[in-house]
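Here is what each chain is made of, one letter per residue.
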Amino acid sequence: MKFLVLWLVASSLYAKPAPLFHADVLGGGKLSLAENLKPGRGTLVSFWATWCSPCMEELKHLAKVLGKDSKIPIDVITVNVDTSETSSDVRSTARLEKILFPIALDPTHRIFGKYNAEKALPYSVLLNGQGTILKSFQGYQPDMVEQMQAALRVAN
Amino acid sequence: MKTKALLLVGLFVVSQSFAESDSSSALELIPHEGGFKFSASDHMMASSATEGDQSDISVLKILNETEVGAEWGEYVASLGWTNRYASQGAVEPSRALQIEKKSLHGEWKDWVFRLGDTHVEFGKGIALSLYRDQNFGVDTTLEGGYLRYHPSGWDTQVFAGRLNGWDNPVAIFNLENPVASNEVVMAGASSKIALSDTSQLGGHYLFAMRRPLLDTRYERRWNTMGLSFNQEGLFDTLDFYAETNLMLEDRLGDPNFYFPEAYGSYASFTWSSSPWKVKLEGKDYRNYRFDFRRPPTLEEDIVVSLNTENVSATRLMTERRFDGTVESVAASYLLGEDRAERASTALHHIVLSTKGVGLLDSHWEAKVGYRRLIELSDLAHVAFKLKVPTSKKQAVEMGYRKQLSRANLSQPELRQDRNMMDVGYTFSSQLSASLGYEFIPTANEANQNFVNLSATLKMDALSTRALIGQTSGGTLCSAGVCRQVPPFSGAYLELSYSL
């Protein structure tokens, strides 16, 4: 039992390399997570769906804050997880919500399942330039940019 | 000293396992240096609840699902198994070990191959969808070979094998394994070419046969052909998707018997220009009796519809969003014909919904609707949700839902009134708890009140959920699929962990 507890604590504290991926991108082309990682900068991988209101809130907040201050060293990649039932809404939702971040498509949750077994939204993961997970966010958190900056400062 | 050593071993294994996780079964593997890597995940559920007709006997069940994976270069192998312990009185007996899924796959820039278990889907899932849904304990896979070639502008897949269900689902409400008493073999191919940067034309073909496990001969055969077309961003405001399928079903060994031809079509047309969105959808499913599919339902708020075999409908949805916050108002109207209930029954369903941000930065959502199957049944529903932040990362959440339904309009006294409410508190992004209450004053059963208490704890790799009390059952929907589930009375603990 003691071992199990230690194992759980240790593994939750350990910095984990992120599952890397290639994926199709909305509008054509492919996206490689590895190619988007940049030394000295953080990359936020944000999972969302068209029916998830808090996800929209998170993406709008990120666009507003990161768009206003280009000195914040964080790039955003979004991964849409709509299944075939709602997948035809992705482009119109991105247009309406003015989501200008790259949108990788994951209709079968092959990427999402690797990052978040429970598949709960919103879910975002901050990576450093080496692809190590610095922080994960379950649910929209209004102060997530500040939290990300703090995590990057510690990491760098 | 021993504990420290174990901790170090644990850290080493954890680090190795996470380093492995850059392999994802449907993804192209990013080139990396070779080396053997390992991963593992576990999903366990323990429940003590009444089961089946023996409503006074509580059954203890411990269900476990483990998956281990290993990667070497571009190749990934995985193996999944389940364990089941059930005390006396359980409908399903104990099973010490059941191998559920096994696969080996390799992925390169334009190529993917898989041997063993894999999920496959055509288009919108009208003709074929093999998927996993943990809520219903469904995980049907193709056990065989799969090959995909997808250079730029072209995407082709071919596959063949037999279907493999989930024998020991780790779920409270699990559906029956669709291949528990039959063997189903299938082969198929699909291809999609890009006509331009924003449009694709696709086609697919599926062949399937079924054999009762106790029989040596196949008794049923299906041939399905389909076409799809997708156009996105026309004039930067219009998106269009259309798909149509023809399925031919034969009873083998009986040349004089013919099933009617089955058709399954879907189309959507979306116009969106901030802040407005208008979407027109249509579906037409005729005689489409095939278990391995997940077609679009068009239902705004799925509450009663289980029919995806013989139904046609069109839905118009209009939405206006408000910039700056997550606020919107929307209305949808569904007009259809349900051919499952009677010879032909007109279906109307109107839903109005709105969401916004109010006092104290609270977020609210409201939805009201009315659904009527002419001369047969009707249902009125209303729902309201409210989330009020109380401090940083903490919030109180409340929800209420009411459904008034009449299953037979000629007997209006047989009305059902369902009231569901819950109050929850989010203590942090890791911990939340909720109290649920359901009141069904029109229920014939002795129990009209259902109370439950649940809590959720999430850490990076660990997720736990516990529930104690009762739920009333009824229609449960997950990822566009709805099923009737029985009441639950007891307790369960669910734990997921991945390395």
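Just above sits the structure.
First things first, this report covers the structure right here in the doc. Since the structure is predicted, the reported quantities are computational estimates derived from the model, not experimental observations.

### Quick notes on the state of the cysteines
All names here are of chain A.
In step 1: All chains considered together, the criterion is met by one disulfide over all chains.
In step 2: Paired through a disulfide, C52 and C55 show a sulfur-sulfur distance of 2.1 Å. Of note, the bridge from C52 to C55 carries an S-S torsion of about 80° and is right-handed in sense. The pair C52 / C55 is uniform in exposure class, with both members buried.

### A few points about the pairing of strand 4 (residues 95-107) of chain B
Residue and element names in this part refer to chain B.
In step 1: For strand 3 (residues 75-86) and strand 4, the ladder comprises nine bridges, and the chain directions are antiparallel. Of the residues in strand 4, the one forming a bridge with Y75 is G106.
In step 2: Here strand 4 pairs with strand 5 (residues 111-118) via five bridges, running antiparallel. Its bridge partner being in strand 5, G106 is matched across the sheet by F113.
In step 3: As consecutive antiparallel partners, strand 4 and strand 5 are separated by three residues.

### Overview of the pattern of salt bridges
In step 1: Evaluated as defined, the whole model comprises 29 salt bridges over all chains.
In step 2: For the salt bridge of A:D75 with A:R41, the shortest nitrogen-to-oxygen distance reads 2.9 Å. Here A:D75, found in strand 5 (residues 74-80), pairs with A:R41, found in the loop between helix 2 (33-36) and strand 4 (42-48); they are 34 residues apart in sequence, far enough to count as distant.
In step 3: A salt bridge links B:K402 to B:D417; the nearest nitrogen and oxygen atoms lie 3.0 Å apart. Residue B:K402 is found in strand 21 (residues 394-406), and its partner B:D417 is found in strand 22 (residues 415-426); the two are separated by 15 residues along the sequence.

### Brief notes about the environment of B:S463
In step 1: Structurally, B:S463 can be placed in strand 25 (residues 462-471).
In step 2: Expressed as a C-alpha distance, the spacing of B:S463 and B:H43, which sit 420 residues apart in the sequence, is 9.4 Å.

Calculation rules
Residues numbered from 1 in each chain as written. Chains lettered and ligands numbered in written order. Predicted model: local features only at pLDDT ≥ 70, side-chain atom pairs only at ≥ 80, totals over all residues. Heavy atoms only, no water. Disulfide = S-S within 2.5 Å. Buried < 20%, exposed > 50% of the residue type's maximum accessible area, 1.4 Å probe, protein only. Pairing = 2+ DSSP bridges. Helix = DSSP H or I, 4+ residues; strand = E, 2+ residues; numbered from the N terminus. Salt bridge = Lys/Arg side-chain N within 4 Å of Asp/Glu carboxyl O.

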